[in-house]
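If you want the building blocks of each chain, they are given just below.
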Amino acid sequence: MAAWDLSVTVEDLGPDAPPVTLSVASDLHVGGVILKLVEKTQIQRDWSDHALWWEQKQCWLLRTAWTLEKYGIHADARLLFMPQHKPLKLGLPNGKTLRLLVCFSNPVFQTVMGICRQLNIRHPEELSLLRPVEEKKKKKDKDSTEEIYDLTEVPLSSASRPSLYNGMPAHFADSPQMEAIYKMLSVTQPPPALRYILFVSELDCKISFPLRWLDSSRCLMQQGIQDSDRVWLRFKYFSLYDIEPKYDAVRLSQLYEQARWAILLEDIDCTEEEMMLFGALQYHISKVSQSEPQMLSSSAAMDDLESALQSLEVKLDGESSSASEMLPCDCFRPKRLTLKGYKQYWFKFQDTSICYFKSKEESIGEPIQQINLKGCEVAPDVNVAAQKFLIRLLIPASEGMNEVYLRCENEQQYAQWMAACRLGSKGKSLADSSYQSEIESIGSFLAMQKTSSGSHGNSPASDESINTHSLVSPRYHKKYKPKQLTPRILDAYQNVAQLSLTDAVMRFLQIWQALPDFGLSYFVVRFKGSRKDEVLGIAPNRLIRIDLGVGDVVKTWRYNNMKQWNVNWDIRQMAIEFEGNVNIAFSCVTADCKIVHEFIGGYIFMSTRSREKSDTLNQELFHKLTGGHEAL
Amino acid sequence: MESEDTQCLMDDIDAMFTDLLGEMDLLTQSLDQPTVVPEPLPSTTEMNYSIGFTDLNESLHELEDHDLDALMADLVADINATEEKLTAQMKDQKVPPPPSSDLPAPPKGLSTYSASSIASPTSPASSTGSNVSTPASSSASPLPPPPPQSAKPTMEEIEAQMKADKIKLALEKLKEAKVKKLVVKVLLTDGSSKTLMVDERQNVREVLDNLFEKTHCDCNVDWSLCETNYELNLERIFEDHENLVEPLLAWTRDTENKVLFQERTEKNDMFRNPQNFYLWKKDKKALKEIKDRDKELLVQENFCGTSVIVPDLEAVLYLKEDGKKSWKQRLFQLRASGIYYVPKGKTKSSRDLVCFVQFDNMNVYYGKDFKTRYKAPTDFCFVLKHPQIQKDSQYIKYLCCDDAWTMNLWVTGIRIAKYGASLYENFKAAEKAAVSSVWTNRSTPSSSSSSTPSPTIKAKSPSQANGHAPKPQPGPVSQDFGNVPPPPPPMANILPPPRPDAFLPPAPPPLARKNSAKPPPPQRHLPTNFPPPPPAMDNLPPPPPPPPMDDALEAPPDFLPPPPPAAGFGSLPPPPPPSNSFPPPPPPGSFGSMGQSLPPPPPDPGFLPPPPPQPVFTGGGDFMSELMLAMNKKRST
């Protein structure tokens, strides 16, 4: 067979080096080409990760047994010899950037699996990569300060599940730096600065977001992603499967970050009450994650007896002393219609009740009234600047609610009484172990208010003084002043203050998942027979059709009624048939039809997962469901 | 009055403390010779049975007697503990000692409650638990002199070597001594009633199990406890995981409220017909035709994920304006975080919604007859209120729907939002209990029930502890009575197992249904459901699916048939009851005699038309002594 010249550019020789020319015959297989090439470069190194990339056809020549003829390669082919794994800048949901080696030759689906293996994220099928938003140059300051965490030294392992050491994959235990990276991955970040939220919210947009997903069935090179480019790693399919805090430290924290951003940026709508609760949870999570030493495996539960004794001690302590000391005096007046005056009484807090007396001297006798606080509503009415410390109690009784105001003299007293009332409303006495921490958190919220209202002065710049503004979306910055926002968040906070870090993160995710619009990705489409653009929402279990004008859901179709679907790539139209002879067809206006197609197929794939099979991912099925005919 | 009591309490502290020490002493002894406890049990059991056989009424009113016994045990122990003082006080003052001692706010409710038609002997019982003062503080307040730390040394003095577990036991005792108990009269559908003792820690499920035992009903998942509010014309199904005592304590003194034991299909309708709630927008005909597998899928999707999904309801409802008589229309939305409405002129977007109510301290009730009572547009009303509120008030939210369907949708939706995953857990537990009861009823029709022994034990054990078990002289007898309930169930429990073996064949069905038809199918459905869409890729006529996987799909259906048999068993129990109640068939005559033998005690008054509660209450002091008398009389007969 006639020999001809094939020129190959070898990346390792440098960008300016001329291509290496080989004399080959058409029946030479790709492996032979590589062998010749390596001999000719005369470089001693491990070439095992290298492969040939055919530039014109945009494909890798990965089948080394195939001949050049079979691939259809002729002398005019421009071939590139380079490693399949290259560094990539990976933007994480928590806003941090990692530099790590990823595979450029496998379909993105597998690349993501490799990334998740390195980062110790289970269920990689739920994540994918997307192109970053192009950042405007004017925001230079941000770029310059960005820290990049380097993971390129991590050896590429093929083990499907890395061995764990100290609760983290072994490769993170190698050095303190690596450990720090793992911490960054698995520990939630403090609330972002307001400025940053505004900056990001300029960039992001519900509709444009899903258009940027990479195609899971093609490799990075094919999609124009180059060496050291930046891509984002995000959760894509919101059918979150089998979350287990024990194994999912990184997964949970990244999921939380993504959810938090979705809420701060209003990618997902929620009500004001929900926003306050999200804010309170963020505050709590950041507070706990800063104080709680991570990786601290919950110490073997204290000896039963000891803890039992201790709790009894506290209980008895509280109960006995509640009859005497424990009870600072207070002034108060049940609000009688329009009367505004407050009358001073001597107050006692006992168990879950408050009782009051004319004076301290009479406090041994019978109280004027005793009110059980269980089930009552406690609301603060505080203005630190004006030294107003009111506690408003709505106490249920069989006839309705009794409104009672307690006025405290100072912060200290307010914090104690507020904490006591809160515990009382939950049916707990002062002896409850959470009493002290409740006082502290009320104190810290007061401090927050101080720093946010009186900006001057030397406010204690502790981590307690988190700006409430970074906890809620910009809409509420405009709507409320900090001193209005703080008590509302505190109000929501009282219900979550006792949660552990994991529980708080889980709660956050649960509330997020319970939002009506959770998991929806939106695409502008045109339905067959309709003359206007409409929005197609793709959710984990259904498709919805939304009227753009009104914003109303017009129609819902559930996947489990779906019989088949087809794509006509030429006219970019998808046709879906549901049970009961329901047929719909639409063409994609903004997004590539493939993205929409992959979303639907992907969700169907997610629903096929089951516990027994969960160890091995059925990649083939995924590609079958999402790839369209052009794949495989 | 209260101060007096506290005084009295103080006086008693010494006595009580000695008691406590004595109790610990006894405890340690019993620890040394663990056989001591078991011994009395068998004998009690026998006794119980003998009584049951001699007096036919006994079996009918078995429960009442157990309760009386338990009550007596408590009372006697209590009285002894506080020595004659208390008794004297009772007699002299004619003041129901327990109620009065029951301290302030909550206790008030408690004592009143006791006087109510439902639970006459309640207050004694609950107060017994608390030893004179509020349950919470009672056992603790006597202690202060020698606080816990010193409690340890003291023990060391008494007994040189004190072992850790002994303290623990003592601590548990202390805790149990505080447990509140109520005697609750439950109205059955046939107009009769059952009275039972419920302690603070028992949840509705346990009480239901108790009732199953008493009533020999078919134990299906629809049996529910409901509370009615007479004053407001409301009704609500208790959820199985709720504690029963707490909501009952909110009732007012002279309340006509009732606790009902009924079959309510709406209780678990969201699991049987999830489509009605999650696909409510579809037309009703389509909903009826929905396949079982789709229903299961809906349940999986909405209740088995990381968070429970609340049906996204939206409707124009009528709202009764605060304090006014008019009803105004508003567009409401249900979300997991609460009920919201859309203000006039605003969009439906989440951020514009105004919160109408959140569910933390709110329960949802069905309103009855609101059309005439409150001039509501329709009779399909529901109400949201704090459980404590018992009378008309501006803090109650009255809502009115166009039809029953909408009302059910909303009430159920609100329950899902409020209780979340607990509802599904309750349902599964109830299903399990129903299946096992079908099974046990079938195999051992004669033993009243074996499905519930453990709850019973759990439930009753406190009463035993509460009775200050190892204590004064009168104690033994009464305590044994107090102990009676537990023993029988275990025996019943032992019986069934052997039988099943004999009947092996029938056994599988229920199991098969449970295991195979439940969790696995849903997941399996999925793949098959979408024609393993790959074919679809081929762009044209992907013959829907049914490749091999379809077998998997068919499989569950194949398993399904068994249920019918199971249901057959279910229908079997009914027959048993007759035979079941072989002890019960209460000759009416003896019924009357029984009534005579127990004049003052609760069961009697409770039995028929709720007698005017006040008398019972005011006569409280007498009531206690009379109760004792009655008990003694009864025992001697």
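For clarity, every value in this text was computed on a predicted model and none was experimentally measured.

On to the overall build of chain B. The helix and strand tally for chain B stands at 34 helices and 12 strands. Expressed as a percentage of the 637 residues in chain B, the buried residues total 56%. Put simply, 71% of the contacts in chain B that link residues at least 6 apart link residues at least 24 apart. By element, 59% of the accessible surface of chain B is carried by carbon and sulfur atoms, the whole surface being about 26,300 Å².

On a plain count of helices and strands, chain A comes out with 16 helices and 26 strands. When burial is assessed residue by residue, chain A has 53% of its 632 residues classed as buried. For chain A, long-range pairs separated by at least 24 residues make up 60% of all intrachain contacts whose partners lie at least 6 apart in sequence. Accessible area of chain A: about 28,500 Å², with a carbon and sulfur share of 49%.

With that out of the way, let us pick up the packing of helix α8 (residues 272-291) of chain A against helix α14 (residues 501-514) of chain A. Residue and element names in this part refer to chain A. Remark: α8 packs on α14, axes separated minimally by 9 Å, with the N-to-C direction vectors making an angle of 155°. Relative to α14, α8 is oriented roughly antiparallel. The crossing of α8 and α14 is left-handed. Judged by residue contacts, Leu277, Phe278, Leu281, Gln282, His284, Ile285, Val288 and Ser289 of α8 engage Leu501, Ala504, Val505, Arg507, Phe508, Ile511 and Trp512 from α14.

Moving on: the pattern of salt bridges. Enumeration over the complete set of coordinates arrives at 46 salt bridges over all chains. Between Glu579(A) and Lys291(B) there is a salt bridge; the shortest N-O distance is 2.7 Å. You can see Glu579(A) sitting in the loop between β25 (573-578) and β26 (582-588) and its partner Lys291(B) sitting in the loop between α16 (284-288) and α17 (292-303), one on each of two chains. Look at Glu579(A) and you get partly exposed, because its relative accessible area is 23%. A single salt-bridge network, built from bridges that share partners, covers Arg122(A), Glu125(A), Glu126(A), Asp242(A), Asp248(A), Arg251(A) and Arg609(A).

On to the nonpolar core. Nonpolar side chains tend toward joint burial in soluble globular proteins. In terms of nonpolar packing, the biggest core is built from 120 residues, with Leu119(A) and Trp512(A) touching the most fellow members. Here this core takes 9 residues from helix α15 (residues 593-608) of chain A, the largest share from any one element. By size, the runner-up hydrophobic cluster in this structure holds 45 residues, among which are Met270(B), Phe271(B), Tyr366(B) and Phe427(B).

Bringing the sheet that holds strand β7 (residues 327-335) of chain B into the picture now. Adjacent strands of a sheet form backbone hydrogen bonds with each other and so pair up, either parallel or antiparallel. Residues and elements named next belong to chain B. Reading across from one edge, β2-β1-β5-β3-β4-β10-β11-β12-β6-β7-β8-β9 is the order of the 12 strands in this open sheet, with mixed pairing throughout. Lying at the two open borders of the sheet, with one neighbouring strand each, are β2 (193-199) and β9 (354-357). The sheet shows a mean angle of 40° between the axes of neighbouring strands, direction not considered. As defined by bridge partners, strand β10 (residues 363-367) adjoins strand β11 (residues 381-385) across 5 bridges and the pair is classed as antiparallel. What sits directly across from asparagine 363, in β11, is lysine 385. Set on the sheet, helix α19 (residues 404-419) makes contact with β4 (234-237), β6 (314-320), β7, β8 (338-341), β10 and β11; between it and β10 the angle comes to about 165°.

What follows concerns the pairing of strand β20 (residues 521-527) of chain A. Residue and element names in this part refer to chain A. Most of β20 sits inside the fold, with 6 of its 7 residues counted as buried. With 5 bridges joining them, β20 and strand β21 (residues 534-538) adopt antiparallel strand pairing. Bridge pairing in β21 places valine 525 opposite glutamate 534. By the bridge criterion, 3 bridges tie β20 to β26 in an arrangement that is antiparallel. Along β26, the bridge assignment pairs valine 525 with cysteine 588.

Next up on the list: the sheet that holds strand β12 (residues 230-235) of chain A. Residues and elements named next belong to chain A. Pairing within the open sheet is mixed, and its 5 strands lie in the order β8-β12-β6-β7-β9. The outermost strands of the open sheet, each flanked by one partner alone, are β8 (127-130) and β9 (148-150). With strand direction ignored, the average angle separating the axes of adjacent strands in the sheet is 40°. Along the sheet face, helix α3 (residues 108-119) touches β6 (85-91), β7 (97-103), β8 and β12 and points at about 125° away from the line of β7.

On to the packing of aromatic side chains, then. Residue and element names in this part refer to chain A. For the structure on display, the rule yields 38 aromatic pairs over all chains. An angle of 70° between the planes, with centres 5.7 Å apart, marks the rings of phenylalanine 238 and phenylalanine 518 as edge-to-face. Remark: phenylalanine 518 occurs in the loop between α14 and β20 and phenylalanine 238 occurs in the loop between β12 and α7 (249-264); sequence separation between them is 280 residues. With a centroid separation of 6.0 Å and an interplanar angle of 90°, the aromatic rings of phenylalanine 347 and tryptophan 417 are classed as edge-to-face.

Attention shifts here to unusual backbone geometry. Notably, Gln58(A) is not glycine yet its phi reads approximately 55°, a positive angle. With a phi close to 60°, Cys219(B) is a non-glycine residue in the positive phi region. With respect to the secondary-structure elements, Cys219(B) resides in the loop between α12 (204-215) and β3 (223-229).

This paragraph deals with the environment of Ser193(B). With respect to the element layout, Ser193(B) can be found in strand β2. Note: C-alpha distance between Ser193(B) and Leu260(B) (67 residues apart in sequence) is 8.8 Å.

Residues and elements named next belong to chain A. At their nearest, the axes of α8 and helix α13 (residues 482-493) sit 8 Å apart, and the two run at 75° to each other. Classified by the interaxial angle, the pair formed by α8 and α13 is roughly perpendicular. Together, Glu272, Glu273, Met276, Leu277, Gly279, Ala280, Tyr283, His284 and Lys287 of α8 and Leu485, Arg488, Ile489, Ala492 and Tyr493 of α13 make up the contact between the two elements. Its residues placed into classes, the contact of α8 with α13 shows 8 nonpolar, 2 polar and 4 charged.

In this model α17(B) runs 16 Å from its N-terminal to its C-terminal C-alpha over 12 residues, within 8% of the 16 Å that 1.5 Å per residue would give. Along α17(B), the positions that sit buried rather than exposed are Arg293(B), Asp294(B), Lys295(B), Leu297(B), Leu298(B), Val299(B), Asn302(B) and Phe303(B).

Take the pairing of strand β18 (residues 388-397) of chain A next. Residues and elements named next belong to chain A. The buried fraction of β18 is high, at 8 of 10 residues. Note: strand β17 (residues 377-383) against β18, 7 bridges, orientation antiparallel. Residue valine 382 lies in a different strand from β18, and its bridge partner there is phenylalanine 389. Bridging between β18 and strand β19 (residues 400-408) involves 9 bridges; their strand directions are antiparallel. Bridge pairing links leucine 393 to valine 404 in β19. The hairpin formed by β18 and β19 contains 2 residues between the paired strands.

On to the environment of Pro19(A), then. All names here are of chain A. The residue proline 19 is located in the loop between β1 (3-10) and β2 (20-25) in this model. With 59 residues separating them in the primary sequence, proline 19 and arginine 78 have C-alpha atoms 9.4 Å apart. Those residues in contact with proline 19 that sit more than four places away from it in its chain are Ser7, Val8 and Thr9.

As a further point, take the confidence of the model for chain B. Residue and element names in this part refer to chain B. Per-residue confidence for chain B gives a mean pLDDT of 62; residues scoring 70 or more make up 43%. Long-range and interchain partners of residues 27-65, a stretch whose pLDDT sits below 50, account for 64 contacts in this model, where long-range means more than four residues apart. The model gives residues 444-623 a pLDDT under 50, and that stretch makes 295 contacts with residues more than four places away or in other chains. Both scores are given for the predicted complex: the pTM is 0.69, the ipTM 0.82.

Conventions we followed
Residues numbered from 1 in each chain as written. Chains lettered and ligands numbered in written order. Predicted model: local features only at pLDDT ≥ 70, side-chain atom pairs only at ≥ 80, totals over all residues. Heavy atoms only, no water. Helix = DSSP H or I, 4+ residues; strand = E, 2+ residues; numbered from the N terminus. Buried < 20%, exposed > 50% of the residue type's maximum accessible area, 1.4 Å probe, protein only. Contact = heavy atoms within 4.5 Å. Areas by Shrake-Rupley, 256 points an atom, 1.4 Å probe, with all protein chains shown as cover. Axes fitted to C-alpha atoms, helices over the stretch in contact; angles between N-to-C directions. Parallel < 35°, antiparallel > 145°, perpendicular 65-115°, else oblique. Left-handed = near helix turned anticlockwise from the far one by under 90°. Salt bridge = Lys/Arg side-chain N within 4 Å of Asp/Glu carboxyl O. Core = buried A, V, L, I, M, F, W, Y, C linked by side-chain atoms within 4.5 Å. Pairing = 2+ DSSP bridges. Phe/Tyr/Trp six-rings, centres within 6.5 Å; stacked < 30°, edge-to-face > 60°. Nonpolar A, V, L, I, M, F, W, Y, C, P; charged D, E, K, R; others polar. Expected span 1.5 Å × (residues − 1). pLDDT = per-residue confidence, 0-100.

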